[in-house]
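One letter stands for each residue in the lines below.
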Amino acid sequence: MSSSSDRRRWLPLGLFLTAIGLFPLVSPNAYFLNIMTFAGIYVLLSTGLNLLMGYAGQVSLGHAAFWGLGAYISGVLTAKFGWPPVLALLASIAGTGLVALAVGLPTLRLKGHYLAMATLGVGVIIHTLFVQLAGLTGGPSGLVNVPSFSAGRLTVDSVLGNYYLIWAMVGIGLVVALNLGESRIGRALNAIRGSEAAAECMGVDTYRYKVIVFVLSAAYAAVAGSLYVHSINFVAPDTFGFMSSVLLLTMVVVGGIGSFWGPVIGASILALLPEYLRAFEGLEVVLYGLILVGVMMFMPNGLAPLIRRLGSALRLADR
């Protein structure tokens, strides 16, 4: 029974990562490969946010700020101080995690809309620092001359190399998320999502677990930020504004909050969507808002359950 259950859990992920690994063989050109590379960054970001929202039931409107911290810490350390990208990646995880801990300790005592507004305020503050600390960050113009990712003599400076590097990290992130869902921490977080008061009555230290998942979610964002800055060799504050937090929130909601595959589905769809919305430049906030409202009204559990039901129906039809 356990072996069969494990197979059902891990087989889809193995097939998905295999398909991702083979995609460059059928990609029509480097442009599509580049789109899929950035889709991987969004999958990593939304998977981390889903740990916070879907597993612990906590809403964050400033998640893009942690993405930006990861990017700027890694970019500044390599471009300004000559650090190796591998060490800069580790420093970005540690630095972003410490900031998330400092933010989470007071804000996670808040609940509901108060927590959402607190994270929004933190996001605005961090974004302002990206602009004002021009000596380090390059200010509104951005930070240039960030080196490509490298480890020893191996340098990842091609579209294909970045694709495999980013999706390899996504694979690790998905494995961690899948394991977390079945762990003691995952069960505690699910209890918190169901009813925080009931979880506390059962002896769950809800505050402690919320802080842990908040820091873990920020660590996912830090990895995504570091990979992002080393893949395009440039970073600017506008990338990490409020609109980016809205986009990440939309990805999680559209895919399905609390579903393992929800962030993957939502991030993949909304990473491709901007290519078809170029004619509506300036109206992105309105369009994402409409998508959010539509999903919440007609598919409150997101697309993941719908796709799962369709898959089950097709299997039954084959029989």
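Just above sits the structure.
Now for a quick tour of the structure. (Residues numbered from 1 in each chain as written. Predicted model: local features only at pLDDT ≥ 70, side-chain atom pairs only at ≥ 80, totals over all residues. Heavy atoms only, no water.)

### Some remarks on the overall build of the chain
Short version of the rule: Every helix listed is a DSSP run of H or I at least four residues long, and every strand listed is a run of E at least two residues long, numbered separately from the N terminus. Atoms counted for the radius of gyration: C-alpha only. Globule rule: 2.2 Å times residue count to the power 0.38. Each residue is placed in one exposure class: buried if its accessible area under a 1.4 Å probe, protein chains only, is under 20% of its type's maximum, exposed if it is over 50%, and partly exposed if it falls in between. Throughout, a residue-residue contact means that at least one pair of heavy atoms, one from each residue, lies within 4.5 Å.
When you go through the chain residue by residue, the secondary structure sums to 14 helices and two strands. In summary, the chain has a C-alpha radius of gyration of 19 Å against a globular reference of 20 Å for 319 residues, a match within 12%. Along the first, second and third principal axes, the C-alpha set of the chain runs to 55 × 50 × 40 Å. Within the chain, the fraction of its 319 residues that count as buried is 48%. Expressed as a percentage of contacts within the chain between residues at least 6 apart in sequence, the contacts between residues at least 24 apart total 79%.

### Overview of the side chain of Thr 137
The condition that has to hold: In protein, a polar contact requires one atom able to donate a hydrogen and another able to accept it; more generally it is a pair of N or O atoms within 3.5 Å, and residues adjacent in sequence count only if both atoms are side-chain atoms.
Following the sequence through the fold, Thr 137 ends up in helix α6 (residues 134-137). A polar contact of 2.6 Å, which involves the side chain of Thr 137, links it to the backbone oxygen of Phe 130. In this structure the side chain of Thr 137 is engaged in a polar contact, spanning 3.2 Å, whose partner is the backbone nitrogen of Gly 139.

### Concerning unusual backbone geometry
Of note in this structure, Asn 145 is not a glycine but carries a positive phi near 60 degrees. Position of Asn 145 relative to the elements: it lies in the loop between α6 and β1 (149-151). You will see that Asn 233, though not glycine, has its phi angle at about 60 degrees, which is positive. The exposure class assigned to Asn 233 is partly exposed, which follows from its relative accessible area of 27%.

### Regarding a nonpolar patch on the surface
Stated formally: Candidate patch residues must exceed 30% relative accessible area and have no salt bridge, after which like charges are joined if within 9 Å and Val, Leu, Ile, Met, Phe, Trp or Tyr side chains if within 5 Å. Areas reported here follow the Shrake-Rupley algorithm with a probe of radius 1.4 Å; residue values treat only the protein chains shown as occluding. What makes a salt bridge here is a side-chain nitrogen of Lys or Arg within 4 Å of a carboxyl oxygen of Asp or Glu, nothing more.
Taken together, the side chains of Phe 81, Trp 83, Val 86, Leu 87, Leu 90, Ile 125, Leu 129, Leu 133 and Leu 136 present a nonpolar region at the surface, about 840 Å² in accessible area. Those elements that provide at least two residues to the nonpolar patch are α4 (85-107) and α5 (113-132). Sort the elements by how many residues they give to the nonpolar patch and α4 lands first, with three residues. Here Trp 83 shows up in the loop between α3 (63-79) and α4.

### Some details on empty space enclosed by the protein
In this approach a probe as big as a water molecule rolls over the atoms, and the regions it shows empty are the leftover space. For clarity, the threshold we go by: Cavity and pocket criteria rest on a 1 Å grid covering protein atoms alone: a 1.4 Å probe that fits but cannot get out defines a cavity, protein on both sides within 12 Å along at least 5 of 7 lines defines an open pocket, and an atom within 4 Å of a point defines a lining residue. Grid points are joined across faces, edges and corners, and a volume is the space filled by probe spheres set on the points. Classes in brief: Ala, Val, Leu, Ile, Met, Phe, Trp, Tyr, Cys and Pro nonpolar; Asp, Glu, Lys and Arg charged; the others, Gly included, polar.
Summed over all chains, the structure comprises one cavity of 30 Å³ or more. What the largest cavity holds in volume is close to 40 Å³. Looking at the lining of the largest cavity, the elements that each hand over two or more residues are α3 and α5. Considering only residue class, the lining of the largest cavity consists of five nonpolar, three polar and no charged.

### Here's the deal with helix α2 (residues 30-55)
The condition that has to hold: Multiplying 1.5 Å by the helix residue count minus one yields the expected span of that helix. Axes are fitted to the seven residues ending at a residue and to the seven starting at it; the angle between these axes is taken as the bend at that residue.
Between its terminal C-alpha atoms α2 stretches 36 Å, which fits the 38 Å expected from 26 residues at 1.5 Å a residue. Approximately 30 degrees is the largest bend angle found in α2, and it occurs at Leu 49. In this structure Asn 29 caps α2, since a side-chain oxygen of it lies 3.0 Å from the backbone nitrogen of Tyr 31. Directly beyond the C-terminal end of α2, a positive phi value near 70 degrees is found at Gly 57.

### Things to note about α4
The first and last C-alpha atoms of α4 sit 32 Å apart over 23 residues, in line with the 33 Å expected at 1.5 Å per residue. Within the sequence span of α4, burial applies to Pro 85, Ala 88, Leu 89, Ser 92, Gly 95, Thr 96, Gly 97, Ala 100, Val 103, Gly 104 and Thr 107. Against the buried residues of α4 lie α3, α5, β1 and α10 (206-232).

### Digging into the nonpolar core
Test applied: Only buried Ala, Val, Leu, Ile, Met, Phe, Trp, Tyr and Cys residues count toward a nonpolar core, and they belong to the same one when joined by side-chain atoms within 4.5 Å.
Among the nonpolar cores identified, the biggest contains 84 residues, and Tyr 42, Leu 45, Trp 67, Trp 167 and Phe 240 are the most heavily contacted of them. No other element matches the 13 residues that α2 contributes to this core. With near-sequence residues (within four places) excluded, Tyr 42 lies in contact with Trp 67, Leu 247, Leu 248, Met 251, Ala 267 and Ala 271.

Remember, this is a structural readout, not a statement about activity or role.
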